[in-house]
Amino acid sequence: MTTSTIYHIGIDLGTSQSSIVTSTGKRLSTKTCVGYPKDVISQKRLNKNHLLGEEALKNRLSLDLVWPLAEGVIRDDEVSKEATRLVLKDLIQNTLPELEKDDKVYATIGVPALASVQDKKTIINITKDFIDKILIVSEPFAVAYGIDRFDECLIVDIGAGTTDLCRMSGSIPGEDDQRSLTEAGNFLDQAITDAIHEQYPEVQLTPQIIRGIKEKHGYVSDNNDPAIVSLTKKGQPGSYDITEILHKSCLKLSDAIGQAVQSLVADFDPDFQEILRHNIIVAGGGSRLMGIDKAIEKSLDSYGGGKASCIQDVEFCGANGCLKMCQEMPENYWDKI
Amino acid sequence: MLENSVVQISTGKLLGVSLLPSSILLVSGIIIWRVWRNKQLCVQTETDLLHDELRQMKKQMADLQTANSKTESAESMQTVNTFAAQQTSPESGKSPGEMGLFEYLIEDNIQLRQSTS
């Protein structure tokens, strides 16, 4: 006798990193990229039609890498759609190996706060053949849901493609309660690259090198250890002091976020502004930037001060919220879609 | 006559001597093969049974884990329900009590599928 099981999953589809959490307790995070062999030699060496995530990055010299998302949404071309489909399918297959033909997958996927209808529909279309029911929700709202914060608080989700802000006030956030900024992880990478090249024109940089520097040395606080990095110039290695460069670049990001926080505080109900200012929750990969919470607090000095704190489970907080929503959704509601 | 008898007896003995070990080997081989085949069939049957049981257990595990997660989130559901009672849907215009958070989300997603843009 065959029995059909319903598996619930929560997915945070990110520009740089995508995460999945399943109702069976599995969780996985991968780079949102797909690599296709460049030629017959690489095809023969790799013996695969495509590689995904970290494996693709490791073999990037033999591959044409595709990063299918830009600013939090799938790029509008067939290659990107197919690459996103492969990433999502792979995440599900790796976390639900027990999945059988008769089983069903119900998913909730988080998207940037102000993603367009077309962006959301693209996700529904590309997942048709391996997700039975799908719910699209705002990513910062999913974060708030995951940590049970429906009261007055401000979620700041700093991703790679977008920084999403969502003001919670005990009701479902509307468009006015949300902001989506392009000043996010990738913006910071570009700012660091430009600044290093401006000071050291011939230094060789790749996105991976920049990401490594940012994750190790990135900071927005006033005091930090010197950031001395080893880089190559025409193949010759050397040590470069990028402390100031890094600080200024990181401030470009934190300043933009600070301004968005200020605007969300400013047009909130005056009676609740103080509570909002003191309940800022920073999530997403960008929350790892040293001192980002303090920088946000500092941006609110002229507003009477504030309190920001970084979420613990940065990598999976969005996916956790999505899964929670997915599991708590009554079955009869699922039948409607 | 005597010579014939001697020849017959000798031939019979010779044949017996040479055929007996072969027969024993043949019979033993057949017996061993049958025992081995029976054992293989038993092992195959047991493997199939175990495989079925394992699949069932995996299913049960998945169900249990799902049920467990649901129990853990039951407390937060209380918060959600309280929260849901305060909701309104700008699209449907339904009253807060009728809607609830999940209905709002589903409604939003239905509209998303129906929209033509």
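Keep in mind the model is a prediction, meaning the values are calculated, not measured.

### Re the overall build of chain B
Alright, step 1. Along chain B, the regular secondary structure elements total three helices and zero strands.
Alright, step 2. Reading the secondary structure of chain B in the N-to-C direction produces α-α-α.
Alright, step 3. When the 117 residues of chain B are sorted by exposure, 12% land in the buried category.

### A look at the overall build of chain A
Alright, step 1. Per the secondary structure count, chain A includes 12 helices and 18 strands.
Alright, step 2. For 337 residues, the compact-globule estimate of 2.2 N^0.38 gives 20 Å, and the C-alpha radius of gyration of chain A, at 21 Å, lies within 12% of that figure.
Alright, step 3. Counting every position in chain A, which comprises 337 residues, the buried fraction comes to 47%.
Alright, step 4. Here the analysis covers contacts within chain A between residues at least 6 apart in sequence; of these, 69% occur between residues at least 24 apart.

### Brief notes about the confidence of the model for chain B
Residue and element names in this part refer to chain B.
Alright, step 1. Residues with a pLDDT of 70 or more make up 59% of chain B, whose mean pLDDT is 72.
Alright, step 2. Within chain B, helix α2 (residues 74–84) has the poorest average pLDDT of any element, 49, and helix α1 (residues 2–72) the best, 79.
Alright, step 3. Within the model, pLDDT remains below 50 along residues 76–98, and this stretch shows 34 contacts once partners closer than five positions in the same chain are excluded.
Alright, step 4. Interface confidence for the predicted complex, expressed as ipTM, amounts to 0.76; the pTM equals 0.75.

### Points about the nonpolar core
All names here are of chain A.
Alright, step 1. If you look at the biggest cluster of nonpolar residues, it comprises 98 residues, and the most contacted ones within it are I9, I11, I155, V156 and V261.
Alright, step 2. Broken down by element, this core gets its largest block of residues, nine residues, from helix α8 (residues 243–266).
Alright, step 3. Those residues in contact with I155 that sit more than four places away from it in its chain are P140, V143, A144, L165, C166, M168, I281 and A283.

### Structural notes on the domain arrangement of chain A
Residue and element names in this part refer to chain A.
Alright, step 1. Here chain A is partitioned into domain 1 (6–32 + 67–143 + 317–334) and domain 2 (148–310).
Alright, step 2. Relative placement of domain 1 and domain 2: their C-alpha centres are 25 Å apart.
Alright, step 3. Listed per partner, the contact involves 18 residues of domain 1 and 18 residues of domain 2.
Alright, step 4. For the side of domain 1 that touches domain 2, the secondary-structure elements that each account for two or more residues are β7 (69–70), α5 (139–146) and α11 (317–328).

### Describing the sheet that holds strand β11 (residues 153–158) of chain A
Residues and elements named next belong to chain A.
Alright, step 1. The sheet built from five strands is open, its strands ordered β13-β12-β11-β17-β18 with mixed pairing. What marks the edges here is a single partner per strand, and that holds for β13 (178–181) and β18 (308–310). Direction aside, the axes of adjacent strands within the sheet are offset by 15° on average.
Alright, step 2. Relative to strand β12 (residues 163–168), β11 runs antiparallel, the two being bridged by six bridges. Its bridge partner being in β12, I158 is matched across the sheet by T163.
Alright, step 3. The sheet contacts of helix α10 (residues 292–299) involve β11, β17 (280–283) and β18, and relative to β18 the element is tilted by about 165°.

### Details of the pairing of strand β2 (residues 17–22) of chain A
Residues and elements named next belong to chain A.
Alright, step 1. By the criterion of burial, β2 is predominantly enclosed, with six of the six residues buried.
Alright, step 2. Of the two faces of β2, both are covered, the one formed by Q17, S19 and V21 as well as the one formed by S18, I20 and T22.
Alright, step 3. Hairpin connection from strand β1 (residues 6–12) to β2: four residues lie between these consecutive antiparallel strands.
Alright, step 4. In the sheet, β2 pairs with strand β3 (residues 27–31) via five bridges, with the strands oriented antiparallel. Bridge pairing in β3 places V21 opposite R27.
Alright, step 5. If you look at the hairpin formed by β2 and β3, you'll find four residues sitting between the two strands, and G25 has a positive phi there, around 90°.

### What about the sheet that holds β3 of chain A?
Residue and element names in this part refer to chain A.
Alright, step 1. Strand order across the open sheet formed by five strands is β3-β2-β1-β9-β10, with mixed pairing between neighbours. Each edge of the sheet is formed by a strand with only one pairing partner; in this case those strands are β3 and β10 (133–138). Going from strand to strand, the sheet's axes swing by 20° on average, the running direction of each strand aside.
Alright, step 2. Summarising the sheet, β1 and β2 pair through four bridges and their orientation is antiparallel. Counterpart to G10 in the pairing with β2 is V21.
Alright, step 3. Across the sheet, helix α3 (residues 78–95) lies against β1, β2, β3 and β9 (104–111), angled at about 35° from β2, the strand it touches most.
Alright, step 4. Most of the contacts of helix α4 (residues 117–126) go to β9, to which it runs at about 155°, and overall it touches β9 and β10.

The rules behind these values
- Residues numbered from 1 in each chain as written.
- Chains lettered and ligands numbered in written order.
- Predicted model: local features only at pLDDT ≥ 70, side-chain atom pairs only at ≥ 80, totals over all residues.
- Helix = DSSP H or I, 4+ residues; strand = E, 2+ residues; numbered from the N terminus.
- Buried ≥ 20, exposed ≤ 12 C-beta atoms within 10 Å, placed from the backbone.
- Rg over C-alpha atoms; globule rule 2.2 N^0.38 Å.
- Contact = placed C-beta atoms within 7 Å.
- pLDDT = per-residue confidence, 0-100.
- Core = buried A, V, L, I, M, F, W, Y, C linked by C-beta atoms within 7 Å.
- Domains from an automatic or database assignment.
- Pairing = 2+ DSSP bridges.
- Axes fitted to C-alpha atoms, helices over the stretch in contact; angles between N-to-C directions.

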